[in-house]
Amino acid sequence: MPSILTNGQNTVGETRPNEVSVNQAEEISGTAQVTHSDAVKDHVIDTEFLIVGAGPAGASLACFLGSHGLKGIMISSAPGTANTPRAHITNMAALECLRDIGLYDELQGLGSTSEDHMQHTRWCHSMAGEEYARIHSWGNDPRRKGDYELASPCEPFDLPQTVMEPVLVRHATLKGFKCRFHTTLVSFVNEEKTGLIIATIRDEISNHEYHIRTKYLLGADGARSQVVKQLNLPLAVLPRQGIAINVLVKADLSHLVKNRTGNLHWVMQPDREHPNFGWMGVVRMVKPWNEWMFVLFPDRSYDRSQGKPSMEEYQKRVQEFIGDDTPAEILDVSSWYVNETVAEKYSEGNIFCLGDAVHRHPPFNGLGSNTCIQDAFNLAWKLAYVSKGLASPSLLSTYSSERQPVGHSVITRANQAFRDHLHVWDALGMLPTDVSERKQILEELKSATPQGSNRRRALREAIKHTSHEFHGLGVEMNQHYDGQGVYTADEADPYRQFGKAAEDKVLYHQPNTYPGSRLPHVWLNKATPEKPISTIDLAGHGSFTLLTGIGGGVWKEAAGTVAEKLKVPIQGCSIGFRQDWEDVYFEWERVRGVEESGAVLVRPDRVVAWRASEALGDSEACEEKLLAVVRSILRFEDL
């Protein structure tokens, strides 16, 4: 198994802030391209939003805030966007967030599609060699295709972080966020008189320090988060499960994947001796089919402190994993730990943390950057509404209460997926240290004996169970929020999963409109057919949306009146026979959870906020009810 290493604390030195001269302040203001949203005053740059980190979490947050017309500054200590393709599987839940701001089509064009490039996950002796097993993945199982198509208007695809990040950063800058790389957050303090936050920032090129004063500090600065460290957010940390080594390789393997289509290939060679740094590994597609990540898992004897393997040793192991004489060029080598860490809370005051800063886990189930993006989507609309005076600042407390349980479930699932692979390794004979014993097990797999039959059965069941990783639609789409950000007072029963999701909440998604659930996707059209539209596209875009049907006209009237009274955007829409939109496949009727005259109120992040089973007595009663609901969700009583 991978080597088990003790946890270590990363320390970041703190530097005393230097005084900033008038000339320096002028220089800083020119660098930051000051607009009405950020200005220099008292030798300090003022901005409403300071995002620390420009990875998937920080850059997507800047994009989402920009979509609300808000501007700010985003800094990153890195020299630029990601230089290695760390995250890659992009799931439908995250893509719906990016679809909201018009980025889905562009990103889809840059990614590798599910059907063409992500059809299988495989276990093999080498890329050119024999195969032990394979499983359909990412919606390509013929028995699961319908589940994926019914879940979302988006389709999952493989998009390396090296490709996604530049798109997000460019979009953020076009929407008004100033991005500065090679720029480090040194420390921050709360200014008691104003309630603002003074951040000390260091330009790593000039080694010059200056100050940014901000209303909101947003920590998206990754697993070594300086924001989380200085806030001293409590972390729930389980022991690390070892280390992994990423070897980025340029090699044309198109001749090998013709009959081996897939983006993940587990390579195991139990019949051979192995170097301790490369016991087994995963060969992961980066760009079809000439760029690959070889993820090497060391065995227990690997001691990193004794020195790193040479490039020649890495090259030899890569060639062994390829299995033929295909030329391979190593582009980069890096390492990461198999973490199981989540912050017990995500915020304190006007400081909010998101992404890997608050949840750290291995890439199994492909939940990493996807969860980061969803954190940002949840936080952005709340910041926007509070910033514009459309909601009480207390609305922001729902960010942590809603997203922290999601983060906990994600790190649990990702690590369980990693542990589940132990059964595959055991069945294939990878666990014994003696190579002769491993060879015997491999031979046993082929034997017409009771022992061989039992081992084949164990392999079959272990491979089948990995569907919880490679078809984990439920863990991606079943996220549910409780608490004050939704209104459940009118619900007769507490939330519970039902249908297939009740049987297996990891594998299956159950669309529903219970408050706190994501709005179900259904294709709609007009009575005279035109281009279909998803319910997902009717909602979002910075606005509340109220969906009703025949007999629910009073709800649409109420939505208009309440929007005018509270100055909160609320779009009303009716679905049904000869309504604004036709329920052409009768799917909305199946999932809406209310009568035709009922109402489903959806938040700007496309989470169901409240629902009414049917229209109330008259328009005045509907208006009164909707007004009370919206005021409750936006915490108007706290204003």
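Residues numbered from 1 in each chain as written. Predicted model: local features only at pLDDT ≥ 70, side-chain atom pairs only at ≥ 80, totals over all residues. Heavy atoms only, no water.

**Topic: the packing of helix H12 (residues 397-427) against helix H14 (residues 450-465)**
Note the following rule: Here an angle of 0 to 180 degrees is reported between the N-to-C directions of two axes, which are lines fitted to C-alpha atoms, with helices fitted over the stretch in contact. Helical segments are the DSSP runs of H or I of at least four residues, strand segments are the runs of E of at least two, and each set is numbered from the N terminus. What sets the label is the angle itself: under 35 degrees gives roughly parallel, over 145 gives roughly antiparallel, 65 to 115 gives roughly perpendicular, and the rest give oblique. In this scheme the crossing of two helices becomes right-handed for a clockwise turn of the near helix relative to the far one and left-handed for an anticlockwise turn of less than a right angle. Residue contacts are counted whenever heavy atoms from the two residues lie within 4.5 Å of one another. In this classification, Asp, Glu, Lys and Arg are treated as charged, Ala, Val, Leu, Ile, Met, Phe, Trp, Tyr, Cys and Pro as nonpolar, and every other residue, Gly included, as polar.
Axis separation between H12 and H14 bottoms out at 9 Å; the angle between their running directions is 155 degrees. One finds that H12 runs roughly antiparallel with respect to H14. The handedness of the crossing between H12 and H14 is left-handed. On H14, the residues touching Asp420, His423, Val424, Asp426 and Ala427 of H12 are Arg455, Ala458, Leu459, Ala462, Ile463 and His465. Its residues placed into classes, the contact of H12 with H14 shows six nonpolar, two polar and three charged.

**Here we look at the side chain of Asp605**
Condition: Partly exposed describes any residue whose relative accessible area lies between the buried limit of under 20% and the exposed limit of over 50%, with all areas from a 1.4 Å probe on protein chains only and scaled to the type maximum. Counting of polar contacts relies on pairs of N or O atoms within 3.5 Å, with two restrictions inside protein: one atom must be capable of donating a hydrogen and the other of accepting it, and residues adjacent in sequence are counted only when both atoms are side-chain atoms.
Structurally, the position occupied by Asp605 is in the loop between strand E27 (599-602) and strand E28 (608-612). Asp605 sits in the buried class, given a relative accessible area of 8%. Side chain to side chain, Asp605 and Trp381 meet in a polar contact 3.2 Å long. Apart from the residues lying within four places of it in its own chain, the contact partners of Asp605 are Phe377, Asn378, Trp381 and Tyr481.

**Comments concerning the pattern of salt bridges**
Selection criterion: A side-chain nitrogen of Lys or Arg and a carboxyl oxygen of Asp or Glu constitute a salt bridge if their distance falls within 4 Å.
Considering all chains together, one arrives at 30 salt bridges under this definition. A salt bridge links Glu491 to Arg611; the shortest N-O distance between them is 3.0 Å. In this pair, Glu491 sits in the loop between helix H16 (473-477) and helix H17 (500-503) while Arg611 sits in strand E28, placing the two residues 120 residues apart along the sequence. No difference in accessibility class separates Glu491 from Arg611, as the two residues are buried. Counted as one network, the salt bridges with shared partners bring together Lys382, Glu402, Arg603 and Asp605.

**Brief notes about the UniProt feature "domain: FAD-binding" (unreviewed entry) in the chain**
To keep it simple, the criterion reads: UniProt positions are given in the numbering used here, feature names are shortened, and annotations may be inferred rather than shown by experiment.
Following the UniProt record, one finds the feature "domain: FAD-binding" (unreviewed entry) at residues 46-413. Across residues 46-413 one finds 30% helix and 29% strand; the C-alpha atoms that close the span lie 41 Å apart.

**Concerning a nonpolar patch on the surface**
Cut-off, in case you're wondering: For patch building, the residue pool is restricted to those with more than 30% relative accessible area and no salt bridge; the joining distance is 9 Å between like charges and 5 Å between nonpolar side chains (Val, Leu, Ile, Met, Phe, Trp, Tyr). The Shrake-Rupley method, run with a 1.4 Å probe sphere, supplies the accessible areas, and residue values consider only the shown protein chains as cover.
Side chains of Trp523, Val584 and Tyr585 sit close together on the surface and give an oily, nonpolar patch of about 310 Å² of accessible area. On the secondary structure map, Trp523 appears in strand E23 (residues 523-524).

**Topic: the sheet that holds strand E13 (residues 235-237)**
Pairing between the strands of a sheet comes from backbone hydrogen bonds, and it takes one of two forms, parallel or antiparallel. Here is the rule we go by: Only strands joined by at least two bridges in the DSSP assignment are considered to pair.
Here we have three strands laid out as an open sheet, ordered E13-E19-E22, and antiparallel in their pairing. Edge positions in the open sheet fall to E13 and strand E22 (359-360), since each of these has one partner strand only. Two strands pair when backbone bridges link them, and strand E19 (residues 341-343) and E22 are joined in this way by two bridges, in the antiparallel orientation. Looking at E22, one finds that Val342 is bridged to His359.

**Quick notes on H12**
So the rule is basically this: The span you would expect from a helix comes to 1.5 Å times its residue count less one. The angle between axes fitted to the seven residues ending at a residue and the seven residues starting there is what we call the bend at that residue.
Over its 31 residues, H12 extends 47 Å from the first C-alpha to the last, a length consistent with the 45 Å expected when each residue adds 1.5 Å. Its axis deflected by about 25 degrees at Arg403, H12 carries its strongest bend there, up to four residues before the proline Pro405. Positive backbone phi, approximately 80 degrees, marks Gly429, located one or two places after H12.

**Observations concerning empty space enclosed by the protein**
In this approach, a probe sized like a water molecule rolls over the atoms, and the result shows the empty space that is left. Filter applied, for reference: The definitions used throughout rest on a 1 Å grid laid over the protein atoms alone, on which a cavity is an enclosed set of points accommodating a 1.4 Å probe that cannot get out and a pocket is an open set flanked by protein within 12 Å on both sides along at least five of seven lines; lining residues are those having an atom within 4 Å of a point. Grid points are joined across faces, edges and corners, and a volume is the space filled by probe spheres set on the points. Residue ranges labeled as domains rest on an automatic or database domain assignment.
What the rule picks out here adds up to six cavities of 30 Å³ or more. Space inside the largest cavity adds up to approximately 190 Å³. Considering the residues around the largest cavity, the lining is formed by 15 residues, among which Gln374, Tyr481, Arg518, Asp605 and Val607 are closest to the centre. Looking at the lining of the largest cavity, the elements that each hand over two or more residues are helix H3 (92-99) and helix H11 (368-387). Of the residues belonging to the lining of the largest cavity, the class tally is five nonpolar, five polar and five charged. Counting residues domain by domain, the lining of the largest cavity receives three or more from each of domain 1 (41-400) and domain 3 (499-634). In this structure, the second largest cavity spans a volume of roughly 70 Å³. Together, Phe64, Ser67, His68, Asp100, Phe377, Ala380, Trp381, Gly542 and Pro604 line the second largest cavity. Of all elements in the fold, only helix H2 (56-67) and H11 reach the threshold of two or more residues within the lining of the second largest cavity.

**Some points on helix H21 (residues 619-633)**
Here is the rule: Of all possible arcs, the one meant is that of the directions from the helix axis to the C-beta atoms.
Here H21 spans 21 Å end to end across 15 residues, near enough to the 21 Å set by a 1.5 Å rise per residue. Restricting attention to buried positions, one finds in H21 the residues Cys622, Glu623, Leu626, Val629, Val630 and Ile633. For H21, the angular spread of the buried residues around the axis is 135 degrees, confining them to a single face. Summarising the geometry of H21, the exposed residues directed more than 90 degrees from the buried face are Glu620 and Glu624. Lining the buried residues of H21 we find strand E25 (544-548), helix H19 (553-566), strand E26 (570-574), E27 and E28. Backbone nitrogen of Glu620 and a side-chain oxygen of the N-cap are separated by 3.2 Å at the start of H21; the cap is Asp618. A positive backbone phi angle near 60 degrees is found at Arg635, which sits one or two residues after H21.

**A few points about the sheet that holds E26**
With mixed pairing, four strands are arranged side by side in an open sheet as E26-E25-E27-E28. Both edges of this open sheet fall to E26 and E28, since each of them pairs with a single strand only. Direction aside, neighbouring strands of the sheet carry axes that sit 15 degrees apart on average. Of the strand pairs in this sheet, E25 and E27 are connected by four bridges, and their pairing is antiparallel. If you follow Leu546 over to E27, its bridge partner there is Leu601. Strands E25, E26, E27 and E28 of the sheet are contacted by H19, whose axis makes an angle of about 170 degrees with E26.

**Some details on the packing of aromatic side chains**
Our working rule: Two aromatic rings, drawn from Phe, Tyr or Trp (for Trp, its six-membered ring), form a pair once their centres lie within 6.5 Å of each other, and the interplanar angle then sorts them: stacked below 30 degrees, edge-to-face above 60, tilted otherwise.
Per the counting criterion, the structure on display carries 21 aromatic pairs. Aromatic side chains Trp138 and Phe470 sit 5.9 Å apart centroid to centroid with 85 degrees between the ring planes, which places their arrangement in the edge-to-face category. Here Trp138, found in the loop between strand E7 (131-136) and helix H6 (145-151), pairs with Phe470, found in helix H15 (residues 467-470); they are 332 residues apart in sequence, far enough to count as distant. For Trp138, a relative accessible area of 4% translates into the label buried.

**Some points on the nonpolar core**
Threshold: Buried Ala, Val, Leu, Ile, Met, Phe, Trp, Tyr and Cys residues form a nonpolar core when they are joined through side-chain atoms within 4.5 Å.
Residues Leu65, Leu218, Leu601 and Leu634 are the most contacted members of the largest nonpolar core, which totals 105 residues. When residues in this core are grouped by element, the largest group, eleven residues, is from H11. Looking at which domains feed residues into this core, each of domain 1 (41-400) and domain 3 (499-634) gives three or more. Core analysis: the next-biggest nonpolar cluster, separate from the first, contains 35 residues, Leu248, Trp336, Phe418 and Leu459 among them.

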